[in-house]
Each structure stands twice: as C-alpha cells, then as structure tokens.
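Understanding the architecture of this molecule
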Amino acid sequence: MPTAQPIPAPARLTVLSGPSGVGKGTVVAEVRRRHPDVWVSVSVTTRRQRPGEVDGVHYHFLSDAEFDRLVAEDGLLEWAEYAGNRYGTPAAPVRERLAAGAPALLEIELQGARQVRARAPEAQLVFLAPPSWAELKSRLAGRGSEPPAVQERRLAIAQAELDAAGEFDVVVVNDDVARAADELVGLLVAPSAGKAAGASE
Ligand SMILES: Nc1nc2c(ncn2[C@@H]2O[C@H](COP(=O)(O)OP(=O)(O)O)[C@@H](O)[C@H]2O)c(=O)[nH]1
Ligand SMILES: Nc1ncnc2c1ncn2[C@@H]1O[C@H](COP(=O)(O)OP(=O)(O)O)[C@@H](O)[C@H]1O
C-alpha cells in the first residue's frame, strides 16, 4: 500500500471503476471527445501493449523492475494487481492537477478505488455498471482483445466487482455510450453534487 502524501483537498477527484468490458474506455473517450479539457490520468502498467495502444497515451508500459522502482520511490497514488498484471496511478500529475484547482479523472479497478477512498475521502467514486451480465459477457467477447481464458479470468473478477457497486457514491449504467457520457460529464462538472445527490443507498 503506497504511503505518499495525502491529496490536497478540496479539489475534485473522480474515480471511475467498473468491470472489464463494461465500456469505461469507450465512455471516457466520448467524454473527452466532447470536452477535450477533461484531464484523465495515464496509468503505468506491466501489462503487454495491445495493438493500437500508444505508450504514454493509453498507458505507460513498464517492465516489472521499472514498476518496482516506482513503488519503492512512493511514486504511485495507488496500485493494484489485476488479472496477473500490475497497474498504478502516478501520484505527481494528479497532485499537481488538484493543487491547481482543476478536476482529475482516474479510470481504475476496485482495489485502487478503495485505496483512493482511504487516502482521499472527498474523492467521488463512480461505478460504471453493465445493463446486464449477458451484455457484459458479449461486450468483453466482442472486443476480441483477450483470448477466451483471459476473458474468463476477467469475468470472474467482474462478479466480485459488481458485488462491490454499493461502495460507490454513484452508479452509472452504461446502456448507451452517449447517455452514460452525459451523466459522467454532469458528475465531473458539478462542484460537489456527486457525493450528496448521487449517493446510492
Ligand atoms: N488500480 C488501478 N487499476 C487500473 C489502473 N489503470 C487501469 N486500471 C484498471 O485495470 C483493469 C484492467 O485494465 P486493462 O488491462 O487496460 O483492461 P480493460 O480496462 O478491460 O481494457 C481495468 O479495470 C482498469 O480500470 C491504475 O492505475 N490503477
Ligand atoms: N454502451 C455500449 N453499448 C454497446 N457496446 C458498448 C457500449 N460501451 C462500450 N461498448 C463496447 O464494449 C466493448 C468494451 O468496451 P471498453 O471501453 O473497451 O471497456 P472497458 O474499458 O470497461 O474494459 C468495446 O467493444 C466497446 O465498443
């Protein structure tokens, strides 16, 4: 568990989580298409680069040793192992962004979201949910970026992630990309409405 300094408050930090294949990347891309000024953290990962992914844009792709070094240096705001690879949020860019009073968006998995909650209780946690389990399976398979065994592994994790949706401040259902992007934009720009207005029971 990282021990770097706490994030300055009250700047708005939003975390978007949800199971693999639910459409996090697609919805965030739509938000950025409409609002290029929305800043999204670029994570580091030890996962292998997929075709079409650009180093430094989609992720910073690191070796295990490079990732170890960042952890040792306390350079990550949070990090987690997911389906056999490690992923983490570089702390400095997020801290700079928030210190400047500008919103920051992290797209990370459940363990990382919990770490952010522990370190920055004022952060807004948003869970992106699929309209149904069948639809989640078909999106993950339809993307075709992982072999079936990896898809199965991600679906097993997805079940646990869906069970944790109640820990989040807001649940956004990704039934339609444009609608879900609208809802996310509303949460990003509302100064503090997310936690109060969107809190799920
Ligand atoms: N904790 C944590 N999770 C991350 C980070 N970056 C990405 N993830 C999550 O890692 C999981 C796997 O990401 P990826 O391999 O890109 O697959 P995809 O999101 O299904 O396309 C997803 O749930 C991401 O949201 C990070 O910096 N920290
Ligand atoms: N609202 C939606 N309706 C139908 N398909 C979607 C929707 N959102 C995303 N998808 C598709 O689902 C697949 C997984 O989306 P992706 O953004 O890669 O998910 P994640 O980043 O959560 O793993 C992609 O093929 C994407 O085009």
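Residues numbered from 1 in each chain as written. Chains lettered and ligands numbered in written order. Predicted model: local features only at pLDDT ≥ 70, side-chain atom pairs only at ≥ 80, totals over all residues. Heavy atoms only, no water.

This next bit is on unusual backbone geometry. You will see that D74, though not glycine, has its phi angle at about 65°, which is positive. Residue class for D74 comes out partly exposed when judged on its relative accessible area of 28%. Of note, the phi angle at A83 is positive, near 50°, even though the residue is not glycine. (Buried < 20%, exposed > 50% of the residue type's maximum accessible area, 1.4 Å probe, protein only.)

On to the environment of A83. Within the secondary structure, A83 sits in the loop between strand 4 (76-82) and strand 5 (85-90). In sequence terms A83 and R154 are 71 residues apart; their C-alpha atoms lie 6.7 Å from each other. Not counting the four nearest positions on each side in its chain, A83 is found in contact with R153 and I157. (Helix = DSSP H or I, 4+ residues; strand = E, 2+ residues; numbered from the N terminus. Contact = heavy atoms within 4.5 Å.)

Now for the UniProt feature "binding site: ATP" (unreviewed entry) in the protein chain. Cross-referencing UniProt, the feature "binding site: ATP" (unreviewed entry) maps to G18, P19, S20, G21, V22, G23, K24 and G25 in the present numbering. Inspection of the secondary structure puts S20 in the loop between strand 1 (13-17) and helix 1 (24-34). Exposure remark for S20: the relative accessible area of 6% places this residue in the buried category. Discounting residues that sit within four places of it in the chain, S20 has contacts with Y82, L136, L140, R143, R154 and E161. (UniProt positions renumbered as here; feature names shortened; annotations may be inferred.)

This next bit is on the confidence of the model for the protein chain. Summarising the model, the protein chain shows a mean pLDDT of 89, and 89% of its residues fall at 70 or more. Considering only residues more than four positions removed or in separate chains, one finds that residues 192-201, a stretch of pLDDT under 50, has 20 contacts. With a pTM of 0.90, the predicted complex shows an ipTM of 0.97. (pLDDT = per-residue confidence, 0-100.)

The next subject is the pattern of salt bridges. Per the counting criterion, the structure on display carries 15 salt bridges. E30 is the partner of R34 in a salt bridge, and the nearest nitrogen-oxygen pair spans 2.9 Å. Remark: E30 and R34 occur in helix 1; sequence separation between them is 4 residues, near one turn of the helix. The class of E30 is buried, set by a relative accessible area of 15%. Two residues, R117 and D169, come together in a salt bridge whose shortest N-O distance is 2.9 Å. Remark: D169 occurs in the loop between helix 6 (148-163) and strand 8 (170-173) and R117 occurs in helix 4 (residues 110-119); sequence separation between them is 52 residues. Residue classification places D169 among the buried positions, given a relative accessible area of 9%. A cluster of three or more residues bridged by salt bridges with shared partners is formed by R47, R50, E53, R143, E146 and R154. (Salt bridge = Lys/Arg side-chain N within 4 Å of Asp/Glu carboxyl O.)

Attention now moves to the site of ligand 1. Residues in contact with ligand 1 amount to 18 residues; listed here are only the nearest, S20, S43, R47, Y59 and Y87. Within the side chain of R47, one N or O atom sits 2.6 Å away from an oxygen atom of ligand 1. Here an oxygen atom of ligand 1 sits 2.6 Å away from a polar atom, N or O, in the side chain of Y59. Breaking the shell around ligand 1 down by element, the ones donating at least two residues are strand 4 and strand 5. For the shell around ligand 1, a count of residues per class yields 5 nonpolar, 5 polar and 8 charged. (Near = heavy atom within 4 Å. Polar contact = N/O pair within 3.5 Å; in protein donor to acceptor, adjacent residues only side chain to side chain. Nonpolar A, V, L, I, M, F, W, Y, C, P; charged D, E, K, R; others polar.)

The next point concerns the packing of helix 5 (residues 133-143) against helix 6. When two helices pack together, their arrangement is given by the angle between the helix axes and by the axis-to-axis distance. As a packed pair, helix 5 and helix 6 sit with axes 11 Å apart at the nearest point and diverge in direction by 145°. Considering the relative orientation of helix 5 and helix 6, their crossing is right-handed. Here W133, L136, K137, L140, A141 and R143 of helix 5 lie close against helix 6, whose contacting residues are Q151, R154, L155, A158, Q159 and L162. Partitioning the contact of helix 5 with helix 6 into residue classes produces 7 nonpolar, 2 polar and 3 charged. (Axes fitted to C-alpha atoms, helices over the stretch in contact; angles between N-to-C directions. Left-handed = near helix turned anticlockwise from the far one by under 90°.)

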